[in-house]
Amino acid sequence: MKLGALEAGGTKMVCAIGYETGKIYEQVSIATTTPEETIPKLIAYFQDKQIDALGIASFGPVELDPASEKYGYITTTSKLAWTNFDFLGSMKAALKCPMGFDTDVNGSVLGEVTFGQAKGKHCVMYLTVGTGIGAGVYIDGKLLHGMLHPEAGHILITKRDTDHYEGKCPYHKDHCLEGMAAGPAIEARWGKKAVELADCPEVWDLEADYLAQALTNYVMVLSPEMIILGGGVMHQEQLFPLIRKKLITYINGYVITEELEDPEHYVVPASLHDDQGIMGCLELARRALEG
């Protein structure tokens, strides 16, 4: 199978051609501006590639219910030019091939369970911590949707008493994880980007605390066999041991499993050299082609 992959991010669109084995042999990046400017460039890239199917993993929120009139739409996004835009329909009308469509984070978790370190597991969560915070959840061969799709970055957390930051989220202020722990929140609170704060232990102790609170909730609700943390903030590798230690402290012996007894292999960084999303798109394309 010759498959197309489109990882649609808020800043850039990564387009690739590959195979069902996960092998990528061509990849380009196109800036995300407006649909009027960006979509023709995406179509032009794929149009002469003779692909059998295309997998799209998009920033959102997106409509994932095939029964909905707005299936394949980007809906209430903060990128206003893309609000209520028929992303999937626009690509289908031009390329006329089978297409799989899901969220960007679901694409990433699908890449990890199909080609990466999470192969063979039944329940896996992928959390990205960057400009925003979002999660993809894989359960028994399927990606979790529900009435929409998980918005795990907006769970409520307990603010540390000594943290006086007002929060970045326009909806939840200082009450939700994204508002307090995403990259823009780190920069706003400390006055520097995360990469410039690598040698400041107080920054990462606070960040790890908020992320560990969130992971505790995910453990209790979803019971994942592995939690994968990706995104730009997680390039600060000093976070991982801090998060693991705080997670075990918060669980406080209530859940006892083999996975939690080995937190180093339970809370882990992404394994596919930042290609987990685009590789997940290849799998979305394969699934669309096979029906």
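Notes on the structure follow. (Residues numbered from 1 in each chain as written. Predicted model: local features only at pLDDT ≥ 70, side-chain atom pairs only at ≥ 80, totals over all residues. Heavy atoms only, no water.)

A look at the overall build of the protein chain
1) Next: Helix and strand counts for the protein chain stand at nine helices and twelve strands.
2) Next: For a compact globule of 291 residues, the expected C-alpha radius of gyration is about 19 Å, and the protein chain comes in at 19 Å, within 12% of that figure.
3) Next: Along the longest, intermediate and shortest principal axes, the C-alpha atoms of the protein chain span 55 × 40 × 35 Å.
4) Next: Counting every position in the protein chain, which comprises 291 residues, the buried fraction comes to 50%.
5) Next: Put simply, of all contacts in the protein chain between residues at least 6 apart along the chain, 62% involve residues at least 24 apart.
6) Next: Within the protein chain, the 39 negative side-chain charges are centred at a point lying 4 Å from the centre of the 24 positive side-chain charges. (Helix = DSSP H or I, 4+ residues; strand = E, 2+ residues; numbered from the N terminus. Rg over C-alpha atoms; globule rule 2.2 N^0.38 Å. Buried < 20%, exposed > 50% of the residue type's maximum accessible area, 1.4 Å probe, protein only. Contact = heavy atoms within 4.5 Å. Lys, Arg positive; Asp, Glu negative; His and termini not counted. Charge placed at Lys NZ, Arg CZ, Asp CG, Glu CD.)

Topic: the packing of helix H1 (residues 35–47) against helix H2 (residues 87–95)
1) Next: Between H1 and H2, whose axes approach to 10 Å, the crossing angle comes to 40 degrees. Taken together, the axis directions place H1 and H2 in an arrangement best described as oblique. When you trace H1 past H2, the crossing you get is right-handed. Between H1 and H2, the residues in contact are Ile-39, Leu-42, Ile-43, Phe-46 and Gln-47 and Phe-87, Ser-90, Met-91, Ala-94 and Leu-95, respectively.
2) Next: Per-class residue counts for the contact of H1 with H2 are eight nonpolar, two polar and no charged. (Axes fitted to C-alpha atoms, helices over the stretch in contact; angles between N-to-C directions. Parallel < 35°, antiparallel > 145°, perpendicular 65-115°, else oblique. Left-handed = near helix turned anticlockwise from the far one by under 90°. Nonpolar A, V, L, I, M, F, W, Y, C, P; charged D, E, K, R; others polar.)

Details of the nonpolar core
1) Next: Counting residues in hydrophobic clusters, the biggest one holds 39 residues, and the most contacted among them are Leu-127, Leu-177, Leu-215, Leu-229 and Ile-243.
2) Next: In terms of residue count, the dominant contributor to this core is helix H6 (residues 201–222) (ten residues).
3) Next: Sequence-distant contacts of Leu-215, that is, excluding residues within four places in its chain, are made with Leu-127, Ile-227, Leu-229, Ile-243, Leu-247 and Val-267.
4) Next: Ile-17, Leu-42, Phe-85 and Phe-87 belong to the second largest nonpolar core, which has 27 residues in total. (Core = buried A, V, L, I, M, F, W, Y, C linked by side-chain atoms within 4.5 Å.)

Notes on the pairing of strand E1 (residues 3–8)
1) Next: Taken across its six residues, E1 has five buried, putting it largely inside the fold.
2) Next: Where E1 and strand E2 (residues 12–18) come together, six bridges link them in antiparallel fashion. Within the sheet, the bridge partner assigned to Leu-3 lies in E2 and is Gly-18.
3) Next: The hairpin turn running from E1 into E2, its antiparallel successor, is three residues long.
4) Next: Here six bridges tie E1 to strand E4 (residues 53–58), and the two strands are oriented parallel to one another. (Pairing = 2+ DSSP bridges.)

Remarks on the side chain of Arg-189
1) Next: Mapped onto the fold, Arg-189 is located in helix H5 (residues 183–190).
2) Next: When its relative accessible area of 17% is taken as the criterion, Arg-189 is described as buried.
3) Next: Reaching out from Arg-189, the side chain makes a polar contact with the backbone oxygen of Met-180 at a distance of 2.9 Å.
4) Next: Apart from residues lying up to four places away in sequence, Arg-189 is in contact with Asp-163, Tyr-165, Met-180, Leu-206 and Tyr-210. (Polar contact = N/O pair within 3.5 Å; in protein donor to acceptor, adjacent residues only side chain to side chain.)

Comments concerning the sheet that holds strand E9 (residues 133–139)
1) Next: If you walk across this open sheet you meet the five strands as E10-E9-E8-E11-E12, and the pairing is mixed. The open sheet has two free edges, formed respectively by strand E10 (142–143) and strand E12 (267–269), since each of these has just one partner strand.
2) Next: Pairing geometry for E9 and E10, over two bridges, is antiparallel. Bridge pairing in E10 links Tyr-138 to Leu-143.
3) Next: Taken strand by strand, helix H3 (residues 104–115) contacts strand E8 (123–129), E9, E10 and strand E11 (226–230), and its axis lies near 45 degrees from that of E9.
4) Next: Along the sheet, H6 contacts E8, E9, E11 and E12; its crossing angle with E8, the most-contacted strand, is approximately 155 degrees.

Some thoughts on the pairing of E8
1) Next: Burial within E8 is extensive, with six of its seven residues counted as buried.
2) Next: In the sheet, E8 pairs with E9 via seven bridges, with the strands oriented antiparallel. Looking at E9, one finds that Tyr-126 is bridged to Gly-136.
3) Next: The loop that links E8 with its antiparallel partner E9 comprises three residues.
4) Next: Where E8 meets E11, five bridges bridge the pair, whose relative direction is parallel. The residue of E11 that forms the bridge with Leu-127 is Leu-229.

Details of the environment of Tyr-25
1) Next: Along the chain, the position of Tyr-25 falls in strand E3 (residues 24–31).
2) Next: With relative accessibility at 37%, the residue Tyr-25 sits in the partly exposed group.
3) Next: Excluding its chain neighbours within four sequence positions, the residues that come into contact with Tyr-25 are Lys-2, Ile-17, Gly-18 and Tyr-19.
4) Next: Within polar-contact distance, the side chain of Tyr-25 engages the side chain of Lys-2 at 3.5 Å.

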